[in-house]
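The lines below spell out each chain.
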Amino acid sequence: MISGLWHRLKGARFGVFLRIALAAFAGIVLIFQLCGSLGIRINTSPSLPVGLYIVTSDAKANLIEFCPAEPFGSFAIRRGYRDRGACPDGAAPLLKPIVAKAGDTVKTSSRGIEVDGKLRPKTAPLKLDTEGRPLTPWPFGRYVVQAGTVWVASSYNRRSFDSRYFGPVSTSSIREHLRPLLTWWW
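Criteria and cut-off values
Residues numbered from 1 in each chain as written. Predicted model: local features only at pLDDT ≥ 70, side-chain atom pairs only at ≥ 80, totals over all residues. Heavy atoms only, no water. Helix = DSSP H or I, 4+ residues; strand = E, 2+ residues; numbered from the N terminus. Buried < 20%, exposed > 50% of the residue type's maximum accessible area, 1.4 Å probe, protein only. Areas by Shrake-Rupley, 256 points an atom, 1.4 Å probe, with all protein chains shown as cover. Polar contact = N/O pair within 3.5 Å; in protein donor to acceptor, adjacent residues only side chain to side chain. Contact = heavy atoms within 4.5 Å. Disulfide = S-S within 2.5 Å. Pairing = 2+ DSSP bridges. Salt bridge = Lys/Arg side-chain N within 4 Å of Asp/Glu carboxyl O. Patch = residues over 30% accessible without salt bridge, like charges linked within 9 Å, V, L, I, M, F, W, Y side chains within 5 Å. Arc of directions from axis to C-beta. Phe/Tyr/Trp six-rings, centres within 6.5 Å; stacked < 30°, edge-to-face > 60°.

Draft legend 1. Here's a closer look at the overall build of the protein. Scanning the protein for helices and strands turns up three helices and 11 strands. Out of the 186 residues in the protein, the part that is buried amounts to 37%. Carbon and sulfur atoms form 63% of the exposed surface of the protein, whose accessible area is close to 11500 Å².

This is the structure:
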């Protein structure tokens, strides 16, 4: 009799747990959908401070959301650098700070990305990713940023997948300009 009672209680707890888990999952999906419709982006990537970012109509905003060009978009998917998302290739767009705009001079080297003679912190290209796979930097050299392009790089995380590996980003691939709404750094 006690054994039967235990199984019923155990089953009831599992049923309650399952209902709570399903409700929590549905709530999370709803929050993501609501955030997207309000122009709020949730960033958990280490390329920027973790937090909420909001779409802005200010084209001078320094943060952008963009879909990387091929073959870099597919490369990032294969390596697991991007999750599923709304880009044409089925993966999530990248959120990155713009470090150079049309007319700026960019110099790439083993030291990192220099913009108009100033080295950007934590932009030295790495030889291997976190899984020990080789990374190929954008060809080292001096570049004048052309009209219709920008360079992006994170100074928050030295492991960011950004222009140090894929060079300039076409402004036509920019989906949104963003500004921080609520962020924190751990």
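Draft legend 2. Region of the structure containing the side chain of Arg-79. Of note, Arg-79 is situated in helix α2 (residues 72-79). A distance of 2.8 Å separates a polar side-chain atom of Arg-79 from the backbone oxygen of Pro-134. The residues contacting Arg-79, other than those within four sequence positions of it, are Asp-129, Arg-133, Pro-134 and Leu-135.

Draft legend 3. Quick look at the state of the cysteines. Taken as a whole and judged by the stated rule, the model has one disulfide. Two residues, Cys-67 and Cys-87, share a disulfide whose sulfurs are 2.1 Å apart. Across the S-S bond linking Cys-67 and Cys-87, the dihedral sits near -90°, which makes this disulfide left-handed. Taken together, the positions of Cys-67 in the loop between β3 (63-66) and α2 and Cys-87 in the loop between α2 and β4 (94-100) put the pair 20 residues apart, joining distant regions of the chain. Note on accessibility: Cys-67 and Cys-87 belong to one class, buried.

Draft legend 4. Inspection of the pairing of β3 at higher detail. Across the two faces of β3 the burial is the same, with Leu-63 and Glu-65 and Ile-64 and Phe-66 all buried. Of the strand pairs in this sheet, β3 and β4 are connected by four bridges, and their pairing is antiparallel. From the neighbouring strand, Phe-66 faces β4, where its bridge partner is Leu-94.

Draft legend 5. Broad picture of the pattern of salt bridges. Tallied over the entire structure, the rule returns seven salt bridges. The residue Glu-65 makes a salt bridge to Arg-175 at a minimum N-O spacing of 3.3 Å. Here Glu-65, found in strand β3, pairs with Arg-175, found in strand β11 (residues 174-184); they are 110 residues apart in sequence, far enough to count as distant. Given the relative accessible area of 36%, Arg-175 is considered partly exposed. A salt bridge links Asp-129 to Arg-133; the nearest nitrogen and oxygen atoms lie 2.8 Å apart. Put simply, Arg-41, Glu-65 and Arg-175 are held in one network by salt bridges that share partners.

Draft legend 6. View of a nonpolar patch on the surface. On the surface, Leu-181, Leu-182 and Trp-184 cluster together into a nonpolar patch covering about 290 Å² of accessible area. Assignment of secondary structure puts Trp-184 in strand β11. The exposure class assigned to Trp-184 is partly exposed, which follows from its relative accessible area of 40%.

Draft legend 7. Quick peek at α2. Every buried residue belonging to α2 is among Gly-73, Ala-76 and Arg-79, and all of these are buried. Looking down the long axis of α2, one finds its buried residues gathered within 135° of arc, a one-sided arrangement. Following α2 by one or two positions, Gly-80 adopts a phi angle in the positive range, close to 80°.

Draft legend 8. Structural view of the packing of aromatic side chains. Under the definition given, this model contains nine aromatic pairs. Consider the rings of Phe-72 and Phe-166, whose centres lie 6.2 Å apart with planes at 50°: the pair is tilted. One end of the pair, Phe-72, is in helix α2; the other, Phe-166, is in helix α3 (residues 163-166), and 94 residues separate them in sequence. Here Phe-166 falls in the buried class, since its relative accessible area comes to 5%. An aromatic cluster is defined as three or more aromatic residues linked by ring pairs; in this entry it consists of Phe-66, Phe-72, Phe-75, Tyr-81, Trp-138, Phe-161, Tyr-165 and Phe-166.

So, to be careful, I would describe these as geometric facts and stop short of saying anything about function.
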